[in-house]
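# Geometric and topological summary
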Amino acid sequence: MNTSALPAALAEIVDDFQAVTEPERLQLLLEFSRELPELPDRLKDHPELMEQVVECQSPLFLTIETEQSDGGPARSVRLFFKAPPEAPTTRGFASVLHEGLDGLSPAEILAVPDDMPELLGLTRAITPLRMRGMTAMLGRIKRKVAALPQQS
């Protein structure tokens, strides 16, 4: 599968998934689940600052923040996820998105194809409902990024 349309970090992750067998892909997803960063203190005790992705089978919450560059209008988007440890597939995909998209510009995130989760090659290993949740996470991030105030 062609990953040239993806940002470099996300393309590398997709390539890693595509390079292994289907059972190994599940193991790789579980490894990602253990790497999901903890929430910063400013978000830990403030669930109202995060939005639930209701399409996920497990409770997943996310929010984004932007960082302004000193030299001009370029901004980067920071991603934050909260998912329970007992939901490894949900945490794993959140971690994939965090590692692949965190720190990118709004334009780079909006350019990620909506069907990117399918590129991981997990559609036969994970239930359609879980795949829908994964796709919904990406969609929610893109919706929040699209709603950011435009720079002149």
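The model shown is predicted, which means the values in this text are computed figures rather than measured ones.

## Looking at the packing of helix H1 (residues 8-18) against helix H4 (residues 88-101)
Interhelical geometry of H1 versus H4 gives an angle of 135° and a closest axis separation of 7 Å. Of the possible angle classes, the one that applies to H1 and H4 is oblique. Helix-helix and strand crossings are classified by hand; for H1 and H4 the assignment is right-handed. Residue-level contacts link Ala 9, Leu 10, Ile 13 and Phe 17 of H1 to Val 96, Glu 99, Gly 100 and Leu 101 of H4.

## Quick word on the pattern of salt bridges
In a structure, side chains of opposite charge can pair up when their charged atoms sit close to one another. Tallied over the full model, the rule gives 10 salt bridges. A salt bridge links Glu 51 to Lys 144; the nearest nitrogen and oxygen atoms lie 3.1 Å apart. Taken as a pair, Glu 51 in strand E1 (residues 51-52) and Lys 144 in helix H6 (residues 128-146) lie far apart in primary sequence, 93 residues in all. Between Lys 142 and Asp 114 there is a salt bridge, and its shortest N-O distance comes to 2.6 Å. Here Lys 142, found in helix H6, pairs with Asp 114, found in the loop between helix H5 (106-110) and H6; they are 28 residues apart in sequence, far enough to count as distant. A cluster of three or more residues bridged by salt bridges with shared partners is formed by Glu 51, Glu 55, Arg 140, Arg 143 and Lys 144.

## Examining the sheet that holds E1
Ordered by their spatial adjacency, 3 strands build an open sheet running E1-E2-E3, and the pairing between neighbours is antiparallel. Only two strands of the sheet have a single neighbouring strand rather than two, namely E1 and strand E3 (75-82). Sitting on the sheet, H6 is in contact with E1, strand E2 (61-68) and E3, with an inclination near 35° to E2.

The rules behind the values
Residues numbered from 1 in each chain as written. Predicted model: local features only at pLDDT ≥ 70, side-chain atom pairs only at ≥ 80, totals over all residues. Heavy atoms only, no water. Axes fitted to C-alpha atoms, helices over the stretch in contact; angles between N-to-C directions. Helix = DSSP H or I, 4+ residues; strand = E, 2+ residues; numbered from the N terminus. Parallel < 35°, antiparallel > 145°, perpendicular 65-115°, else oblique. Left-handed = near helix turned anticlockwise from the far one by under 90°. Contact = heavy atoms within 4.5 Å. Salt bridge = Lys/Arg side-chain N within 4 Å of Asp/Glu carboxyl O. Pairing = 2+ DSSP bridges.

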